[in-house]
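# Geometric and topological summary
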2 protein chains.
Amino acid sequence: MNRRITAALLLALAALCARADDGSGLWLPADRARDGMGTLDIARAEVEGIADVVFRIAAGALPGNAGPDGYAITRQDGRIVISAASPVGALYGAYHLQRLARTGGIPVEPDIRESPRYDLRLLNHWDNLDGTVERGYAGHSLWQWDELPGTLSPRYRMYARANASIGINGTVLNNVNATPQTLRPDYLSKVKALADVFRPYGIKVYLSVNFSSPVLLGGLDTSDPLDDGVAAWWAAKADEIYRLVPDFGGFVVKANSEGQPGPQDYGRTHADGANMLARALAPHGGIVMWRAFVYDPDSDDRAKQAYDEFIGLDGLFDGNVILQVKNGPVDFQPREPFNPLFGAMERTPLMVEFQITQEYLGHSEQLAYLAPLFTECLRSDTYARGRGSTVAAATDGTLFGHSPSAIAGVANIGLDDNWTGHHFAQANWYCFGRLAWDHTLTSDGIADEWLRATFSDDDGFVEPVKRMMLSSREAVVDYMMPLGLHHIFAEGHHYGPEPWYERAVRPDWSSVYYHRAGSAGIGFDRTSSGSGATGHYFSPLREIYDDPSLCPENLLLWFHHLPWDYRLANGLTLWDNLCLRYQAGVEAAREFQKVWDSVEDKVDRQRFLHVQERLRRQARDAVWWRDACLLYFQTHSGMPFPPGMERPVYDLDELKRIRLDLKHHN
Amino acid sequence: MNRRITAALLLALAALCARADDGSGLWLPADRARDGMGTLDIARAEVEGIADVVFRIAAGALPGNAGPDGYAITRQDGRIVISAASPVGALYGAYHLQRLARTGGIPVEPDIRESPRYDLRLLNHWDNLDGTVERGYAGHSLWQWDELPGTLSPRYRMYARANASIGINGTVLNNVNATPQTLRPDYLSKVKALADVFRPYGIKVYLSVNFSSPVLLGGLDTSDPLDDGVAAWWAAKADEIYRLVPDFGGFVVKANSEGQPGPQDYGRTHADGANMLARALAPHGGIVMWRAFVYDPDSDDRAKQAYDEFIGLDGLFDGNVILQVKNGPVDFQPREPFNPLFGAMERTPLMVEFQITQEYLGHSEQLAYLAPLFTECLRSDTYARGRGSTVAAATDGTLFGHSPSAIAGVANIGLDDNWTGHHFAQANWYCFGRLAWDHTLTSDGIADEWLRATFSDDDGFVEPVKRMMLSSREAVVDYMMPLGLHHIFAEGHHYGPEPWYERAVRPDWSSVYYHRAGSAGIGFDRTSSGSGATGHYFSPLREIYDDPSLCPENLLLWFHHLPWDYRLANGLTLWDNLCLRYQAGVEAAREFQKVWDSVEDKVDRQRFLHVQERLRRQARDAVWWRDACLLYFQTHSGMPFPPGMERPVYDLDELKRIRLDLKHHN
């Protein structure tokens, strides 16, 4: 074969490869770094071929209080200058430059000064030691515990790189439903191996711990936090960890929640438990992230419990404890109001926990871009200190001066080639990182960046697909649970609808607990004449939420039980509005398919077909949701479907028989 | 309980009962006749309470050649007078009066003169002796062979009454795929019992016979129609039958078709076979209906075979043979051109065979009102003797003077409470009878009658539901096989789509045989440069069908193989038109649901819910059809879906795995 033909063949092959993309590269260009490189070498590798860059690392390199992660990008004598107080800051600057190069180009005279809004920007992995992932929809766990520490998967460094590129600087390796085994010496040596890979990318490791570890692992008689032996056991365990991982981040604890052990088992408070652990970590600079996700079956309103249980503990936590609070008061629903603990605990650092993995938004089967959900929460005004006291301000240190500030997202990452199952679920990992860095970024801007870096810089692709992304979360809300409905998912796996579910072992694990539909109406009365949950919010929110005519319609049935013929602002009945919202969700899902088809020639074939197939299922399952919910609710409302709504195509009895063979972990 | 309360309770109960209707009453009022009544007594019972009626039966009661079934309705001295030449004519007059009373009222001065267009108006039951029904979707066979002749189900007389009320005067009791056992003496005594029940209602019985009966039942060595022993066996069998049933109608024969035996097995022609049987029946006044539905796997075009095989036999049949020809040249498809035998055999009486049971139009799961299909065929102009030579004229005796004239419909009746499975399938039984009586009636007029008699005389109900009925067959065509596509059904049961089916035991039992889709285009080239089937039609039809720019678009792919980018009259490509027709079908099915819901308060609950459930499935399955066909055809066209089309929600591979557990009989 002569050389010319070989070259032509190679070109053809390259073109073919360019048309097939498994999504494993995420939003990043080809990796030029190598195992074993230091942070600054990585930074240099990341900008290689992009620009002539000089790095300036010095304690005083940046004006003001930019902190260790900040950086500036300027031009001097024709060269790009990235200035930072630390190598990690320089690395973040390098990724910024790389992003600019991939999404519109580097300005001629850049004048960029950046520092993150949150000190700690964390992923929480709900990964189990057996390789399964709770609420994981992208394959099994990345962590190959069997092979560690001897064998290091190349994906560990790719994972660190991807996170660093969007500013994430910490990872909790294991499930909050934690097994004590994680703290065994052999597992700690595996953790050390991962930490060593992540360190050059500025990423610290953290662990979820089981509060009963002193008993279960240490052989003690008790795990009582006020027991000296217990405290000593934890202190020794912390010492052991820090000997292996000197920059270990700390612990996440799910205690006295959904069957997990905790200090209340010994008559102690959450503060007692958290502080005991915090004291074990404090000498090493570690922190405790204590989860506020607690509820028990006896309460009259699950949405009130975290607040009721923690509000009295404000001021009782040690300085290195952060209370980790889910964004909403129930559980990562498609839409919730913000958790009223935000703004309400002035003397305790609080951090938001988001769920990036789509437990309640269609798993990795459905397209739901979550930046609108994340920003909706972060920008909610708590009114804790008057107007402007947003959830973001209440958690990023600006409102109450807490430090360190932190934010966490439950990861959606697994062993799938494309990391997240659905190609568009990568955008949720991406936008979480970007918002953790800067919560003032817009959903639109982040989607734009991500699309250009991940798929194509062609406006003809970006604009329609971005519009699809931006409307996707609202579409999911519409066809799953509009107008403030929540938690009417199929039992266990939370993928499909099961609004009729009422035989749960606990009432608050049934759907009817949440929607309370009956002939008189629908919705959970959390007003002052109901459960009183509205009273957890500051004025004027409590008054707004308390009054159905003032309450935002997208939260109406969260706070109110209203008759089916109640009139909404558009003059139509609640029933008609409910029907038309479900219908709108179905139509939106159908529209996504058209949008995606319209950009077929602008996307590689592999990802095109993959996304096309998932959008089909999404449109199909949107109809399932609409039919299941409306046919069921109609048995209570007794009202006809409005003219604008397509009629159900399924029978309720048939839908009730559906049992998907899905677990809550993979 | 005092009497007033009892009366109130009874009234309430009656109201409740009125709200529940199992559809068993069909379009008829409560029956006032009794077992054993003669024809005229029945006629009197049917008009009891409706009007003061006097019957006048006399050979010369009617002017002109009204025939034995004709009648006149007039008023004289304040009384309604029904005049007829026979008691059966009077009975038909009584049902006419009853119909008027239920659908708008009896005119003050009626001046009605009616006589049927066809002499023989027959149902063909494809019922097997084991109680199953081939292509039966309304439960098992009405005929309780095990119990006959000793036990007579009350439904036998109800069946006769329903048929007589719409003018049907004959019934072929058993499947054309006939077992010889039907002619055993014990079964003939059962046939006699049924004939005795039907006789007062003017209904004759006929039987399908197996051509090999002399061998299989008689123990002869041959069934050769030219063998004297065979002829003698049949003559003796006819004598035996007529001794039991003096007005027995005759035989239907499916011979040398789909594995059935026939005269060709002995080197004889269809005419040889038919005439031999005809001579056995002639002494008794019986007839032979010889089916022209023949095809063999070696032909280049199944649509040509009946024509090719029978056209040369014109003039060779005895006077009491009628050739029974399916309406289209292939097989009861949602849309076919008329069979070119109609008009082409001047010296042979031909009768149309329609299929009332919806083998190819959604079984009894889907609403498809067939009067538009029946009239489309009957009013097709064959141009046999110039303009106006319609299929109706070519078969009702007016064009060629043949006698007797006949028409048959394959019944959709079974043991289901409502007789036909789908409540609206009753309308197909009804409209077949009405059109057999008078093929000039309109689909609209018949639907109007049927709806008022069956459901409600309320215009608010009739008008929207009638519009739905009138568009329903076209909707089915659209979402199953628009633009002249045909026979791309799932193998065996013919309910769902299977356009990819190609591994049939015979090529003409595969879907790809009929649609011939490939990268070059789609459709069956039956033009003069293709199979030449267009040449079977008279001018100008043969020229019209031969030219794609003249060919009616709804038959385009029946006659032509055209490139995907061929432009139709609307300027859009063939591919886009195909897509948009499928989409239109889906939307029509959805619209039916809305129409039905809109009349909820005007229908009894039982039938409302039953029809609502079926319409749901219809809309769902319309999407299945659209997705299966378009995704499959797209693998050939390689063209994108047009903007106006919703995107598929199923994956082709997943659809290909569907195997419905349906047989071709119940």
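Residues numbered from 1 in each chain as written. Chains lettered and ligands numbered in written order. Predicted model: local features only at pLDDT ≥ 70, side-chain atom pairs only at ≥ 80, totals over all residues. Heavy atoms only, no water.

### Description of the pattern of salt bridges
Heads up, the condition is: Any Lys or Arg side-chain nitrogen located within 4 Å of an Asp or Glu carboxyl oxygen qualifies as a salt bridge. Numbering of helices and strands runs from the N terminus; a helix is a DSSP stretch of H or I covering at least four residues, while a strand is a stretch of E covering at least two. Summary of the burial criterion: residues with accessible area below 20% of their type's maximum are buried, those above 50% are exposed, and those between are partly exposed, where the area comes from a 1.4 Å probe applied to protein chains only.
By the definition in use, this model includes 104 salt bridges over all chains. For Arg99(A), the salt bridge is made with Glu449(A), and the minimal N-O distance between the two is 3.8 Å. Within this pair, whereas Arg99(A) is found in helix α3 (residues 87–102), its partner Glu449(A) is found in helix α13 (residues 443–454), the two being separated by 350 residues in sequence. Between Asp69(B) and Arg121(B) there is a salt bridge, with the nearest N and O atoms lying 2.8 Å from each other. Here Asp69(B) is found in the loop between β1 (53–57) and β2 (71–76), whereas its partner Arg121(B) is found in strand β5 (residues 120–124), with 52 residues between them in sequence. Overall, the relative accessible area of 12% leaves Asp69(B) in the buried class. Using a relative accessible area of 0% as the deciding quantity, one classes Arg121(B) as buried. By sharing partners, the salt bridges in this structure join Arg590(A), Arg626(A), Asp627(A), Glu646(A), Arg590(B), Arg626(B), Asp627(B) and Glu646(B) into a single network.

### A word on the sheet that holds strand β1 (residues 53–57) of chain A
All names here are of chain A. Rule in force here: Pairing between two strands requires that DSSP report at least two bridges joining them. Every axis in this analysis is a line fitted to C-alpha atoms, fitted for helices over the stretch in contact. Angles between the N-to-C directions lie between 0 and 180 degrees.
As summarised here, the arrangement of the four strands in space is β1-β3-β2-β4, forming an open sheet in which the pairing is mixed. Each edge of the open sheet is held by one strand with a lone partner, namely β1 and β4 (112–114). Pairs of neighbouring strands in the sheet enclose a mean axial angle of 20 degrees, with direction left out of account. Here five bridges tie β1 to strand β3 (residues 79–84), and the two strands are oriented parallel to one another. Bridging from a neighbouring strand, valine 53 pairs with isoleucine 80 of β3.

### Examining the relation of the copies chain B and chain A
Filter applied, for reference: For this overlay, a least-squares fit was computed on C-alpha atoms, restricted to residues scoring pLDDT of at least 70 in both copies. Every residue pair with non-hydrogen atoms within 4.5 Å of one another is taken to be in contact.
Turning chain B through 180 degrees and shifting it by 0.0 Å along the axis lays it on chain A, with an RMSD of 0.0 Å. Taken together, the rotation angle and the small translation identify this as a two-fold axis. For chain B, the minimum C-alpha distance to the rotation axis belongs to Arg620(B) and amounts to 5.2 Å. Here 100% of the interface residues in chain B have copies in chain A that are interface residues too; the copies meet face to matching face.

### Looking at helix α14 (residues 459–480) of chain B
Residue and element names in this part refer to chain B. Selection rule: Expected span, for any helix, means 1.5 Å times one less than how many residues it has. To obtain the bend at a residue, axes are fitted to the seven residues ending there and to the seven starting there, and the angle between these axes is taken. Polar contact criterion, stated in full: a pair of N or O atoms within 3.5 Å, where within protein one must be able to donate a hydrogen and the other to accept it, and residues adjacent in sequence count only if both atoms are side-chain atoms.
When the terminal C-alpha atoms of α14 are compared, their 31 Å separation across 22 residues agrees well with the 32 Å that a helix rising 1.5 Å per residue should span. Serine 472 marks the point of greatest bend in α14, at about 40 degrees. Its side-chain oxygen 2.6 Å from the backbone nitrogen of glycine 460, aspartate 458 forms the N-cap of α14.

### Section: the environment of Ala280(A)
Looking at the element boundaries, Ala280(A) is found in helix α8 (residues 270–281). Once the C-alpha coordinates of Ala280(A) and Lys237(A) are considered, the two residues, 43 residues apart in sequence, prove to be 8.2 Å apart.

### Notes on unusual backbone geometry
In the segment running from Leu148(A) into Pro149(A), the intervening peptide bond is cis, with an omega of 0 degrees. Looking at where Pro149(A) falls in the secondary structure, it is placed in the loop between β5 (120–124) and α4 (154–165). Ser539(B) connects to Pro540(B) through a cis peptide bond whose omega is 0 degrees. Relative to the assigned elements, Pro540(B) resides in the loop between α15 (512–515) and α16 (541–546). We note that Leu26(B) has phi near 55 degrees; this positive angle belongs to a residue other than glycine. Relative to the helices and strands, Leu26(B) is located in the loop between α1 (3–18) and α2 (39–47). Note on Leu26(B): relative accessible area 7%, which makes it buried. In the Ramachandran plot, Trp419(B) falls in the positive-phi region, its phi being about 75 degrees despite a non-glycine side chain.

### Focus on the confidence of the model for chain A
Applicable threshold: Confidence of the predictor in every single residue is expressed as pLDDT, which spans 0 to 100.
The share of residues in chain A with pLDDT of 70 or more is 97%, and the mean pLDDT across the chain is 95. This prediction of the complex comes with two scores: 0.90 for pTM and 0.84 for ipTM.

### Observations concerning the sheet that holds strand β6 (residues 170–172) of chain A
Strand pairing in a sheet is mediated by backbone hydrogen bonds. Such pairs are either parallel or antiparallel. All names here are of chain A. Taken together, eight strands build a closed barrel; the order of strands is β5-β6-β7-β8-β9-β10-β11-β12 and the barrel is parallel. Neighbour-to-neighbour, the strand axes of the sheet open up by a mean angle of 25 degrees, direction not taken into account. Where strand β9 (residues 287–291) lies against strand β10 (residues 321–326), four bridges are found, and the strand directions are parallel. Note on β10: the bridge partner recorded for methionine 289 is isoleucine 322.

### Re the interface of chain B and chain A
Selection criterion: The term buried area refers to how much accessible surface (probe radius 1.4 Å) is lost by two components on association, counted for both of them together.
Each partner contributes residues to the interface: chain B has 21 residues there, and chain A has 21 residues. Carbon and sulfur atoms supply 44% of the area buried between chain B and chain A, which totals about 1900 Å² over both sides. The interface formed by chain B and chain A includes eight salt bridges. Across the salt bridge formed by Arg590(A) and Glu646(B), the nearest N and O atoms sit 3.4 Å from each other.

### Thoughts on the pairing of strand β2 (residues 71–76) of chain A
Residue and element names in this part refer to chain A. Sheet analysis places β2 next to β3, joined by six bridges and oriented antiparallel. What sits directly across from alanine 72, in β3, is serine 83. Where β2 hands over to β3, the hairpin turn is made up of two residues, of which aspartate 77 adopts a positive phi near 50 degrees. The pairing of β2 with β4 spans three bridges and is classified as antiparallel. Bridge pairing in β4 links tyrosine 71 to glutamate 114.

### Re the packing of α2(B) against helix α3 (residues 87–102) of chain B
Residue and element names in this part refer to chain B. Let me state the cut-off plainly: Here roughly perpendicular refers to angles of 65 to 115 degrees, roughly parallel to angles under 35, roughly antiparallel to angles over 145, and oblique to all remaining angles. Each residue receives one of three labels: charged for Asp, Glu, Lys and Arg, nonpolar for Ala, Val, Leu, Ile, Met, Phe, Trp, Tyr, Cys and Pro, and polar for the others, Gly being one of them.
Packing of α2 against α3 leaves a shortest axis separation of 9 Å and a crossing angle of 10 degrees. Here α3 runs roughly parallel to α2, going by the angle between their axes. Note on element contacts: α3 touches α2 through Pro87, Val88, Ala90, Leu91, Ala94, Tyr95, Leu97 and Gln98, opposite Thr39, Leu40, Ile42, Ala43, Glu46 and Val47. In terms of residue class, the contact of α2 with α3 is made up of 11 nonpolar, two polar and one charged.

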